[in-house]
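So the chains spell out like this:
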Amino acid sequence: MKNRLRELRAARGWSQIELGARVGVSRQAIIAIETERFDPSLPLAFKLARLFGVPIEDIFEADGK
Amino acid sequence: MEINQQFRRNVRTFYAWVGSMVILGVAPVAASRLIEHGATWSRALGVIVGVVGFVPWLALLFVIIRRADEVMRRIHLIAIAITATFGLLLLITIGWLVHAWFIEPPDYAFVCLAWMIAWLIALLATQRYYERAR
């Protein structure tokens, strides 16, 4: 799944540690999602969407879309 | 969870980790001494001490993995799966080498050490995989 997490995080000037702390995950988790090696669970995806104030579809996009 | 509370929990976990490592180091020495004593009760106690010495470290590891987020849990799960496969292959290989008279039955401490090193390598490699860009 493709995502715009790095772009959204950079726009707010947050570090990976800072973003991780805001949604309650480790820096490694943010790195794994940003590098698209790991697709987050629905609860985590919702947390991220709520934090950035955008719908989930604006952050994550299925590969085949 | 509040940052301060989380920090305290991490400090407690660190001390528990150090404690479990000390037990992990001391237990085999104590167990060996008890076994060398020779009496049946002493040897039985040595076995118990040797096995139980591993439990705090394993339990703490389980707690740490359980507390971790979904990515870290995935990383640990994959690393454990790789290590289990390696361990089984190692035991099968040693078994056949002994069966074919190429080697003497190895010391279990060596097998255990090889398995733990494989675990560490698998953990680092899996973590590296998840950090590397596609």
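J.: How do you make sense of a nonpolar patch on the surface when you look at a structure like this?
T.: A surface patch of nonpolar side chains, amounting to about 750 Å² of accessible area, comprises Ile35(B), Trp41(B), Leu45(B), Val47(B), Ile48(B), Val51(B), Val52(B) and Val55(B). The element that contributes the greatest number of residues to the nonpolar patch is helix H2 (residues 40–52) of chain B, accounting for six residues.

J.: Would you explain the layout of surface pockets in this entry?
T.: Rolling a probe over the atoms, with the probe sized like a water molecule, indicates the empty space that remains. Roughly 750 Å³ of internal volume is contained in the largest pocket. Lining the largest pocket are 21 residues, with Ser26(A), Gln6(B), Arg67(B), Ala68(B) and Asp69(B) sitting closest to its centre. Mapped by element, the contributors of at least two residues to the lining of the largest pocket are helix H2 (16–23) and helix H3 (27–34) of chain A together with helix H1 (3–37), helix H3 (55–67) and helix H4 (70–99) of chain B. No other element matches H1(B), which puts five residues into the lining of the largest pocket. For the lining of the largest pocket, the class distribution of residues is nine nonpolar, eight polar and four charged. Both domains that meet at the lining of the largest pocket, namely domain 1 (1–67) and domain 2 (69–134) of chain B, each give it at least three residues.

J.: Mind showing me how you'd approach the interface of chain A and chain B here?
T.: The figure often quoted for interface size is the accessible area lost as the parts come together. Listed as interface residues are 13 residues of chain A and, on the opposing side, 12 residues of chain B. Across the chain A to chain B interface the summed buried area is about 1300 Å²; carbon plus sulfur atoms make up 54%. On the chain A side of the interface with chain B, the three residues burying the most area are Gln28(A), Arg37(A) and Phe38(A), jointly 54% of the side's total. Our count for the contact surface shared by chain A and chain B stands at five residue pairs in polar contact (both at pLDDT 80 or more). In terms of residues, the side of chain A that touches chain B owes the most to one element, H3(A), which gives four residues. Tallied by class, the residues present in the side of chain A that touches chain B amount to seven nonpolar, four polar and two charged.

J.: I keep staring at the domain arrangement of chain B and nothing clicks. Help me out?
T.: All names here are of chain B. When cut into domains, chain B gives domain 1 (1–67) and domain 2 (69–134). In this assembly, six residues from domain 1 lie in contact with seven residues from domain 2. Carbon and sulfur atoms supply 79% of the area that domain 1 and domain 2 bury against each other, a total of about 530 Å² over both sides. Three residues stand out in domain 1 for area buried against domain 2, namely Phe54, Trp57 and Ile65, and they jointly supply 64% of the buried area on that side. There are zero salt bridges connecting domain 1 and domain 2. Our enumeration of links across domain 1 and domain 2 arrives at one residue pair in polar contact (both at pLDDT 80 or more). Its residues assigned to classes, the side of domain 1 that touches domain 2 comprises four nonpolar, no polar and two charged.

J.: I keep staring at H4(B) and nothing clicks. Help me out?
T.: Owing to its 3.6 residues per turn, the α-helix aligns residues three or four sequence positions apart on the same side. With 30 residues, H4(B) should cover 44 Å at 1.5 Å per step; its first-to-last C-alpha distance of 43 Å lies within 8% of that length. Listed as buried for H4(B) are Val71(B), Met72(B), Ile75(B), His76(B), Ala79(B), Thr83(B), Gly87(B), Leu90(B) and Ile94(B). Packed against the buried residues of H4(B) are H3 of chain A together with H3 and helix H5 (108–131) of chain B. With a side-chain oxygen positioned 3.0 Å from the backbone nitrogen of Val71(B), the residue opening H4(B) is Asp69(B). Where H4(B) terminates, the next one or two residues include Trp101(B), which has phi positive at roughly 60°.

What counts, and at which threshold
- Residues numbered from 1 in each chain as written.
- Chains lettered and ligands numbered in written order.
- Predicted model: local features only at pLDDT ≥ 70, side-chain atom pairs only at ≥ 80, totals over all residues.
- Heavy atoms only, no water.
- Patch = residues over 30% accessible without salt bridge, like charges linked within 9 Å, V, L, I, M, F, W, Y side chains within 5 Å.
- Areas by Shrake-Rupley, 256 points an atom, 1.4 Å probe, with all protein chains shown as cover.
- Salt bridge = Lys/Arg side-chain N within 4 Å of Asp/Glu carboxyl O.
- Helix = DSSP H or I, 4+ residues; strand = E, 2+ residues; numbered from the N terminus.
- 1 Å grid on protein atoms, 1.4 Å probe; cavity = no way out; pocket = protein on both sides within 12 Å on 5 of 7 lines; lining within 4 Å.
- Points joined across faces, edges and corners; volume = space filled by probe spheres on them.
- Nonpolar A, V, L, I, M, F, W, Y, C, P; charged D, E, K, R; others polar.
- Domains from an automatic or database assignment.
- Contact = heavy atoms within 4.5 Å.
- Buried area = accessible area lost by both parts, 1.4 Å probe.
- Polar contact = N/O pair within 3.5 Å; in protein donor to acceptor, adjacent residues only side chain to side chain.
- Expected span 1.5 Å × (residues − 1).
- Buried < 20%, exposed > 50% of the residue type's maximum accessible area, 1.4 Å probe, protein only.

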